[in-house]
Amino acid sequence: MENREDRENWLCKDVEPIPLYQDWDDKMAQIYNDNPYMQNADGESSIVTNLPDSMRTQLVYHSFQKKMDVDVYLAKREIDAVCDERKQSKKMDKELEKKIVSYEVFKGACAELFYAQIGAHERHIHVKRLCNARDILSKIMRSHGQKNRRVLHIVWYGNSEGVFLRMGDGRTGMLSKKLCRAMKERGVFFQTSRRCEEEIMDALLAYLLNNAKEVEIPNKAGWNKMLDGRLHFAKRGETTMSEVWENAI
């Protein structure tokens, strides 16, 4: 019996009891405390102190890689933000350029009218022929009397009768729309888009008014007092404002 007990004691003398951990934190604390590679020089727990060179290199590499990933992510996010800001700025510039764009009508070769789209800094975006009509001329017919009336008369090659537009209501936009509709009804085709047609018609009206010759006509048939104070007798067949105003639009 003694020999058997001695043998059992000898076999188990170096065996340590297996600790029972209550939870995961206790287990990890035990592993850190028991592992010499997990402790620094002061005996405090650490996972990067006193590690083998191969493990230290691997940890440093992974740490550096993670840092690089974060830096790349932050740099990419900053670049994306700058790109978005530039795109937004370009979009705002285009919208602003559309708002400040203007149109100008002028006479080109062969007595044809052209229009130029002008952007910021007086820069011509493009120039295009306005319509199929040429030799477009205008004059302002006015009369003096109880009612001072004015009529804009526009003619072009192939249509000597032209269009008569009543002036004086102060609504330039309505006048340009009337002009556009009347010229279209008489066979004139405007090479403009619907989006900018109204602005171009305003430019055409401005061109016609600036280049119009002003003539005075008698107010009615018979005796008329003219603007300079002289008396004028309007004969039969002579153009009078009462007749022109009645046929004008």
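Model, not experiment: these values are computed from the prediction.

Student: Give me the lowdown on the pairing of strand S2 (residues 112–118), citing residues and values where you can.
Tutor: Counting buried positions along S2 yields six of seven residues, so the element is predominantly enclosed. In this sheet, S2 lies alongside strand S1 (residues 102–107) in antiparallel orientation, the contact comprising six bridges. When the bridges of S2 are listed, Val105 appears paired with Tyr115. Hairpin connection of S1 to S2: four residues between the antiparallel strands, including Cys110 at a positive phi of 60°.

Student: Describe the packing of aromatic side chains, naming the residues involved and giving the relevant values.
Tutor: The tally for this structure, following the rule as stated, stands at three aromatic pairs. Measuring from centroid to centroid gives 6.3 Å for Tyr103 and Tyr115, while their planes differ by 55°, and the two rings are tilted. On the criterion of sequence distance, the pair formed by Tyr103 in strand S1 and Tyr115 in strand S2 is long-range, its members being twelve residues apart. With respect to class, Tyr103 is no different from Tyr115; both count as buried. Here Phe106 and Phe114 contribute two aromatic rings whose centre-to-centre distance is 6.1 Å and whose plane-to-plane angle is 20°, an arrangement assigned as stacked. Residue Phe106 is classed as partly exposed on the basis of its relative accessible area of 28%. Here the basic side chain of Arg134 rests over the ring of Tyr157, its NZ or CZ set 4.3 Å away from the ring centre.

Student: Explain the environment of Glu246 to me, using residue names and the numbers behind them.
Tutor: Checked against the element boundaries, Glu246 lands in helix H6 (residues 241–247). On the basis of relative accessibility, which here comes to 61%, the residue Glu246 falls in the exposed class. Along the chain, Glu246 and Phe164 lie 82 residues apart, while their C-alpha atoms are 9.9 Å from each other.

Student: Give a description of the sheet that holds strand S7 (residues 213–216) that names residues and reports values.
Tutor: Spatially, S6-S5-S4-S7 is the arrangement adopted by the four strands of the open sheet, whose pairing is mixed. The open sheet terminates on both sides in strands that have one partner only, identified here as strand S6 (159–167) and S7. Between one strand axis and the next, the sheet turns through 25° on average, direction left out of account. Pairing between strand S4 (residues 137–142) and S7: four bridges, direction parallel. Looking at the pairing, Ile140 lines up with Glu214 of S7.

Student: Which residues make up the side chain of Thr192, and what values go with them?
Tutor: Considering the arrangement of structural elements, one finds Thr192 in the loop between helix H4 (172–185) and helix H5 (197–210). Accessibility expressed as a relative area gives 17% for Thr192, which makes it buried.

Student: Could you give me a rundown of H5, with the residues and numbers involved?
Tutor: With 14 residues, H5 should reach 20 Å at 1.5 Å per residue; the first-to-last C-alpha distance of 20 Å fits that figure. All of the buried residues in H5 are Ile200, Met201, Ala203, Leu204, Leu205, Tyr207 and Leu208.

Student: Could you give an account of the pairing of S6, with specific residues and numbers?
Tutor: The pairing of strand S5 (residues 150–156) with S6 spans six bridges and is antiparallel. Bridge pairing in S6 places Trp156 opposite Asn159. What sits between the antiparallel neighbours S5 and S6 is a turn of two residues, in which Gly158 has the positive phi angle 95°.

Student: How would you summarise the nonpolar core if you had to cite specific residues and measurements?
Tutor: In this structure, Leu130, Ile136, Met183, Phe190 and Leu204 are the most contacted members of the largest nonpolar core, which totals 31 residues. Mapped onto this core, the elements with two or more residues apiece are S1, S2, strand S3 (124–134), S5, S6, H4 and H5. Examining the composition of this core, we find that seven residues originate from one element, H5, more than from any other. Not counting chain neighbours up to four residues away, the residues in contact with Ile136 comprise Leu113, Cys131, Ile154, Val155, Trp156, Met183 and Leu208.

Student: Before we move on, can you summarise the pattern of salt bridges with the specific residues and values?
Tutor: Considering all chains together, one arrives at six salt bridges under this definition. Between Arg134 and Asp135 there is a salt bridge, with its nearest N and O atoms 3.5 Å apart. Classification of Arg134 as partly exposed rests on a relative accessible area of 33%. Taking relative accessible area as the criterion, Asp135 reaches 30% and is therefore assigned partly exposed. Of the charged contacts in the structure, one is a salt bridge between Arg142 and Glu214, with a shortest N-O distance of 2.7 Å. Placement of the pair is Arg142 in strand S4 and Glu214 in strand S7, with a sequence separation of 72 residues. Its relative accessible area of 25% is what places Arg142 among the partly exposed residues.

Rules behind the numbers
- Residues numbered from 1 in each chain as written.
- Predicted model: local features only at pLDDT ≥ 70, side-chain atom pairs only at ≥ 80, totals over all residues.
- Heavy atoms only, no water.
- Buried < 20%, exposed > 50% of the residue type's maximum accessible area, 1.4 Å probe, protein only.
- Helix = DSSP H or I, 4+ residues; strand = E, 2+ residues; numbered from the N terminus.
- Pairing = 2+ DSSP bridges.
- Phe/Tyr/Trp six-rings, centres within 6.5 Å; stacked < 30°, edge-to-face > 60°.
- Lys NZ or Arg CZ within 6 Å of the ring centre and 35° of its normal.
- Axes fitted to C-alpha atoms, helices over the stretch in contact; angles between N-to-C directions.
- Expected span 1.5 Å × (residues − 1).
- Core = buried A, V, L, I, M, F, W, Y, C linked by side-chain atoms within 4.5 Å.
- Contact = heavy atoms within 4.5 Å.
- Salt bridge = Lys/Arg side-chain N within 4 Å of Asp/Glu carboxyl O.

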